[in-house]
Amino acid sequence: MVRRFTSFPLALDARVAAANASRVAEAVSGSVDETRQLGRSAWSRLRLPVLAALLALLWIALVGWASDAPTSAAFRPAERIRLEGSDFHVVMGAGVESGRRLGINAVGAEHMALQSHALPEAIDAAAFPVLRYRWDAFPRTLELSFVFRRADEPDDVHTVTLPPAGAYPGYFDLSDVPDWSGRIVEIGFAEFPTAQLVPADIAFRPFSLIEAELWSPSWRGSLGSLGTDWSAYRPWALMSVSALGPDAPWPHKPTPVVLLAIGLAASLLLVTLVLARSWRWLGMTLAIALAGGWIALDLRWLGEFADRHVLTRELYAGKAWRERASIEPDTALIAGAQLARTWLARMPAETHVIVAATAPYDILRLAYHLLPANVAPIGALSHPDASAAMKPALLVVYDDPSWTFDAARHALGNADAEYAADLVFDEGTLRIFALRGAAQ
Amino acid sequence: MTFIYLLAWLTPFALGASIVALLDGRPRAFADWMRVLGCGFVLGAMLTALATLPLGRVAVARVVPMLAPALIAVAIGVSVWVFMRSRREIALPREARAMHPLFWILIVLLAAHAWLMADEILLRPMYPWDAWAAWLLKPKAWMLGGHIDRFVGFDEWLADGSGLLRTAASWHYPEALGRLAIWFASAWGEWNAGVIGALWLVLWLALLAGVYGQLRALSLSRDRAVIAIYALGSLPLVNVHVALAGYADLWLATLLAFACLAWMRALQSGRRTHFVLAALFALMLPFVKLEGGIWLVLLAGTIAIFELPLRWRRIALVVAPIAGVLVIALYLARVPFIVPLLDRAGLSTDTARILDHAPAVIGAAAEGMFAQYNWHLFWFAIALTLVVRFGALRRSQPLSALGVFLAYGSAFLFALFVLTPAGRWAESYTAVNRLSLQIVPSMLVFAALLWREPESSEAPIASTPRMAEAASAGP
């Protein structure tokens, strides 16, 4: 068993060994020139230190490139603007100072919290491209944004999504944000339920802002930004089934996939050149290095996956299926669908129901949640002759003011069409009309 | 959990496994069982879904009780046939060498993936967009409505006075997955996203088992087959399609990979039954997703080319890409005869605008393949394998054939994104990786087979079916 552990798990192509053996044999049997041998001997002593130096340079350059570290800057930032949590004041939601921290205890309108700090004097954005921030118990249910105001547009608030900070301070490279330019007069943070993932009404948990700092360019800041981008919690998003990376809504640095691929290939190329290995050796060694890189990336992915899964457990674990099924991100829409379903229950099951809303997402979600009604999206009426051919149907309009009803004429319309209709239900953002065909 | 629900699971396994055993040989070793159960579940699931088609508008509660006894009876009959036929066969000795202990680490890692996916599936209500908007909308409507109603286009639905027809934006999508979902949901007794999502977890297990079993049958060593299935099972986008269940791409990818593997077996063994198995998997493709039809045509075309005599094959291999390039050139030049045909196929004739976008589309596709978190180092590994093992590719005619199919497939994806309005899905990353996913397991199988030991990649073609059967039942 011990031997099996110590043996190399992959038996490489036997021809590699044969090729190496024949090369060694040629080297031994060939005529040896003494001077060349001395040179070779000196070079062979230097090979390893040279290789180590080249590899170190390579990886430093790669990490510097990936983190966008300024070549002329020092390792530590020359200037820092440090703000305690208690330096911020609550604009939306409710908070209380707890020593130097700012504890956020409640959200405000539209389930949002906002903290802000007016800078005593405007700062040059380009001089402070790195944001360092620290939170305590920041919940996975919330999305974190950095907000700022510029001197040239004092009425506009600029917003950028930040990687959520976990147990460690987060770093963010503001130079990736085109709006971070000119003179900055105010900075702050906003928090709101993660869109299309977490029900807004159960998303909030108390948390604290410990501190925020703005740093001048430095390697440490850039490396911190890279580390935060690679390791920050990334919640599931609708985009996740299509692309991992862009599904996290903040500007990104090059991924470890790119860094590993370039670094491994370049490192082994250097090894091949300096140690005078064959191209075949390079290919086979690259394959093994690739396997190592794959496992490293997989461990990172397992960590990220587990991180995403923590929120799923937080929201759904320990609940019966029916209760879990009711915990959906679009709380308001679900409530509207529930109202509509209750009303539709009085109608014959085969009644045609058409759904209209402002956004395609809402139309499709509502159609899904209105099942088992015999439902269709508003696109069903987009055909020019649709209203002429249609049988009587109900139109459920959810939060879409573009549909206007003329009670006197019994006519319902939007910019594209008009129908003979009666308003049969009207409560809040939900209206239901009985359609009788094209308006006369 | 009820008897009907257990029966619902047993049916596709029994039906598919018995048919695979019939066409591929009775399982004797561990790898055989993996192959028969993995490939068998996927085939059985598709056949079970299609078996609901003739039922028409039937109450969902009657679907499993009506079909399961008949399908199980077929499975038993086929199994008895397989058993009787194989009684006098001599099983080949098993591989004596045990797996290297380090490879258990890979198995443990796969188990960690499986646990996370399983818990995510069981807990979370249906999440991804197309799951609730397209693929699983129909079965939910059927389940809550109580009957398998026909889905029709908007105009037909609007004019229908019976109320027995339904519609949706995705009414024309193939229904195999929807019918499979209603099979399990009706057996469970209510609509439950966890019950439906579990199908995707079993699909992932079946994909790994089937690929492992087929790779072993194709003479890949055990250690390398384990590396291959670890690589496949650990791909992040594959994991996401399982954890956030409801998309059809992984089903298509699995069917395509199984069709390719059965085809490789057929080319290696010369047995017609392997061709039949490959054809069965390939024929299921259009029932899962619309582009499955294109994969079917590409695969059938490549198989046909490699069935031609050598001289004609060479001519076809030269003519096919030239014809493709010519069609594209005529399309881009807006030649009168070609443009209306392509317009009718839904391809834009605004070629100038499409070409303007081409660099961005190619950049986005390359980013999705090489720079995002979707595939670990998969595409780098494919490129490296092609370079390092090019000699093995040249020596193996079956692998050359598979390589040609994958090249056609890649060319199709390239043309789809770069030369049609579908390029916007690439630029927004919404489709480019999902379409790549459809070909990834086949690509991985191809790469894995290139790493066969030189002596095993030239496996002898069995001279008789009995010998071939015995050979295919190896460890």
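Small disclaimer: the values here were computed from a predicted structure and weren't measured.

Analysis parameters
Residues numbered from 1 in each chain as written. Chains lettered and ligands numbered in written order. Predicted model: local features only at pLDDT ≥ 70, side-chain atom pairs only at ≥ 80, totals over all residues. Helix = DSSP H or I, 4+ residues; strand = E, 2+ residues; numbered from the N terminus. Rg over C-alpha atoms; globule rule 2.2 N^0.38 Å. Buried ≥ 20, exposed ≤ 12 C-beta atoms within 10 Å, placed from the backbone. Contact = placed C-beta atoms within 7 Å. Pairing = 2+ DSSP bridges. Right-handed = clockwise from strand over helix to strand, strands pointing away. Axes fitted to C-alpha atoms, helices over the stretch in contact; angles between N-to-C directions. Nonpolar A, V, L, I, M, F, W, Y, C, P; charged D, E, K, R; others polar. Parallel < 35°, antiparallel > 145°, perpendicular 65-115°, else oblique. Core = buried A, V, L, I, M, F, W, Y, C linked by C-beta atoms within 7 Å. Domains from an automatic or database assignment. Expected span 1.5 Å × (residues − 1). pLDDT = per-residue confidence, 0-100.

1. Some words on the overall build of chain B
Here's step 1: A tally of regular secondary structure across chain B gives 25 helices and two strands.
Here's step 2: The C-alpha radius of gyration of chain B comes to 23 Å, within 12% of the 23 Å expected for a compact globule of 475 residues.
Here's step 3: Counting only C-alpha atoms, chain B reaches 65 × 60 × 40 Å along its principal axes.
Here's step 4: Relative to its 475 residues, chain B shows a buried fraction of 52%.

2. Regarding the overall build of chain A
Here's step 1: Per the secondary structure count, chain A includes ten helices and 18 strands.
Here's step 2: Taking 22 Å as the expected radius of gyration for a compact globule of 440 residues, we find that chain A reaches 31 Å, considerably beyond that expectation.
Here's step 3: Across its three principal directions, the C-alpha atoms of chain A cover 110 × 60 × 45 Å.
Here's step 4: The 440 residues of chain A split such that 35% are buried.
Here's step 5: In chain A, the share of contacts with a sequence separation of at least 24, taken over all contacts with a separation of at least 6, comes to 70%.

3. Structural notes on the pairing of strand E13 (residues 374-377) of chain A
Residue and element names in this part refer to chain A.
Here's step 1: Here E13 shows no split at all, with Asn374 and Ala376 on one side and Val375 and Pro377 on the other all buried.
Here's step 2: Relative to E13, strand E12 (residues 352-357) runs parallel, the two sharing four bridges. Across the sheet, residue His352 finds its bridge partner in E13, namely Asn374.
Here's step 3: Since E12 and E13 lie parallel, the crossover through helix H9 (residues 360-369) that links them has a hand, and here it is right-handed.

4. Some details on the sheet that holds strand E15 (residues 404-406) of chain A
Residue and element names in this part refer to chain A.
Here's step 1: Here seven strands make up an open sheet; going across it, the order is E13-E12-E14-E18-E17-E16-E15 and the pairing mixed. Both outer strands of the open sheet, E13 and E15, are each paired with one neighbouring strand and no more. Sheet twist, expressed as the average angle between the axes of neighbouring strands with direction ignored, equals 35 degrees.
Here's step 2: Here six bridges tie strand E14 (residues 393-398) to strand E18 (residues 430-438), and the two strands are oriented antiparallel to one another. If you follow Leu395 over to E18, its bridge partner there is Phe433.
Here's step 3: Strands E12, E14, strand E17 (418-427) and E18 of the sheet are contacted by helix H8 (residues 331-344), whose axis makes an angle of about 55 degrees with E18.
Here's step 4: Here H9 sits on the sheet and contacts E12, E13 and E14; the angle it forms with E12, its principal contact strand, is near 150 degrees.

5. Remarks on the interface of chain A and chain B
Here's step 1: The interface is formed by 57 residues belonging to chain A together with 64 residues belonging to chain B.
Here's step 2: With 17 residues, the single largest contributor to the side of chain A that touches chain B is helix H6 (residues 279-316) of chain A.
Here's step 3: Counted by class, the side of chain A that touches chain B contains 38 nonpolar, twelve polar and seven charged residues.

6. Focus: the packing of helix H17 (residues 351-371) of chain B against helix H20 (residues 397-419) of chain B
Residues and elements named next belong to chain B.
Here's step 1: One way to put it is that H17 packs onto H20 with a least axis distance of 8 Å and a crossing angle of 130 degrees. Of the possible angle classes, the one that applies to H17 and H20 is oblique. In this structure, H17 contributes Ile354, Ala358, Val361, Ile362 and Ala365 to the contact, and H20 contributes Phe417, Val418 and Leu419.
Here's step 2: For the contact of H17 with H20, the per-class residue count stands at eight nonpolar, no polar and no charged.

7. Some thoughts on the nonpolar core
Here's step 1: Counting 264 residues, the largest nonpolar core has Val355, Leu370 and Val396 of chain A together with Val211, Leu255, Ala259 and Phe281 of chain B as its most contacted members.
Here's step 2: Once you skip the residues sitting within four places of it in the chain, Leu255 of chain B turns out to touch Val42, Phe281, Met284, Leu285 and Val288 of chain B.

8. Some points on unusual backbone geometry
All names here are of chain A.
Here's step 1: Cis geometry is found at the peptide bond from Leu371 to Pro372, where omega equals 15 degrees.
Here's step 2: By secondary structure assignment, the location of Pro372 is in the loop between H9 and E13.
Here's step 3: Despite not being glycine, His111 has its phi angle at roughly 60 degrees, a positive value.
Here's step 4: Position of His111 among the secondary structure elements: in the loop between strand E4 (101-106) and strand E5 (113-124).
Here's step 5: Positive phi, normally seen in glycine, also occurs at Ala137, with a value near 60 degrees.
Here's step 6: Within the element layout of this structure, Ala137 appears in the loop between strand E6 (130-136) and strand E7 (142-150).
Here's step 7: Note on Ala137: 11 C-beta atoms within 10 Å, which makes it exposed.

9. Describing the domain arrangement of chain A
Here's step 1: In terms of domain boundaries, chain A breaks down into domain 1 (43-68 + 256-325), domain 2 (80-241) and domain 3 (331-438).
Here's step 2: Computed from C-alpha coordinates alone, the two centres of domain 2 of chain A and domain 3 of chain A are separated by 41 Å.

10. As for the sheet that holds E7 of chain A
By definition, the strands of a sheet pair up through backbone hydrogen bonds, in either a parallel or an antiparallel sense.
Residues and elements named next belong to chain A.
Here's step 1: Taking strand neighbours across the sheet as the criterion, the five strands line up as E2-E5-E10-E7-E8 in an open arrangement whose pairing is antiparallel. Each edge of the open sheet is held by one strand with a lone partner, namely strand E2 (89-92) and strand E8 (153-162). On average, each strand axis in the sheet is tilted by 30 degrees relative to the strand beside it, whichever way the strands run.
Here's step 2: Bridge count between E5 and strand E10 (residues 183-193): eight bridges; the pairing is antiparallel. What sits directly across from Ala118, in E10, is Glu186.

11. As for the environment of Glu304 of chain A
Here's step 1: Inspection of the secondary structure assignment puts Glu304 of chain A in helix H6.
Here's step 2: For the pair formed by Glu304 of chain A and Pro235 of chain A, sequence separation is 69 residues and the distance between their alpha carbons is 9.1 Å.

12. As for the pairing of E14 of chain A
Residues and elements named next belong to chain A.
Here's step 1: Burial analysis of E14 places six of its six residues in the buried class, which makes it a mostly covered element.
Here's step 2: Along E14, one buried face is formed by Ala393, Leu395 and Val397 and the opposite face, lined by Leu394, Val396 and Tyr398, is buried too.
Here's step 3: Relative to E14, E12 runs parallel, the two sharing six bridges. Considered in E14, the bridge of His352 is made with Ala393.

13. Considerations on the environment of Pro398 of chain B
Residues and elements named next belong to chain B.
Here's step 1: Following the sequence through the fold, Pro398 ends up in helix H20.
Here's step 2: Classification of Pro398 as partly exposed rests on a count of 18 C-beta atoms within 10 Å.
Here's step 3: Sequence spacing of Pro398 and Phe306 is 92 residues, and the spatial spacing of their C-alpha atoms is 8.9 Å.
Here's step 4: Other than its neighbours up to four places away in sequence, Pro398 contacts Met264, Leu267 and Gln268.

14. Some details on helix H4 (residues 103-123) of chain B
Here's step 1: An ideal rise of 1.5 Å per residue puts 30 Å on 21 residues; H4 of chain B measures up with 31 Å between its terminal C-alpha atoms.
Here's step 2: Buried residues of H4 of chain B: Leu106, Leu110, His113, Met117, Glu120, Ile121 and Leu123 of chain B, and no others.
Here's step 3: Elements that come into contact with the buried residues of H4 of chain B comprise H6 and helix H7 (321-326) of chain A together with helix H9 (193-217), helix H10 (222-233) and helix H11 (236-243) of chain B.

15. A closer look at helix H5 (residues 256-274) of chain A
Here's step 1: The end-to-end C-alpha distance of H5 of chain A, which contains 19 residues, comes to 26 Å, matching closely the 27 Å that a straight helix rising 1.5 Å per residue would cover.
Here's step 2: Looking one or two residues beyond H5 of chain A, the residue adopting positive phi is Ala276 of chain A, at roughly 55 degrees.

16. Quick word on the confidence of the model for chain B
Residues and elements named next belong to chain B.
Here's step 1: Summary statistics for chain B give a mean pLDDT of 89 and a share of 92% for residues scoring 70 or more.
Here's step 2: Model confidence for chain B, summarised as mean pLDDT per element, is weakest for helix H25 (residues 465-472) at 40 and strongest for H11 at 98.
Here's step 3: The low-confidence segment residues 458-475 (pLDDT under 50) makes 40 contacts with residues lying over four places distant or belonging to another chain.
Here's step 4: Reported for the predicted complex are a pTM of 0.90 and an ipTM of 0.90.

17. Concerning the environment of Ala61 of chain A
All names here are of chain A.
Here's step 1: Along the polypeptide, Ala61 turns up in helix H3 (residues 34-67).
Here's step 2: Residue Ala61 is classed as partly exposed on the basis of its C-beta count, with 14 C-beta atoms lying within 10 Å.
Here's step 3: Separated by 242 residues in the primary sequence, Ala61 and Gly303 have C-alpha atoms spaced 27 Å apart.

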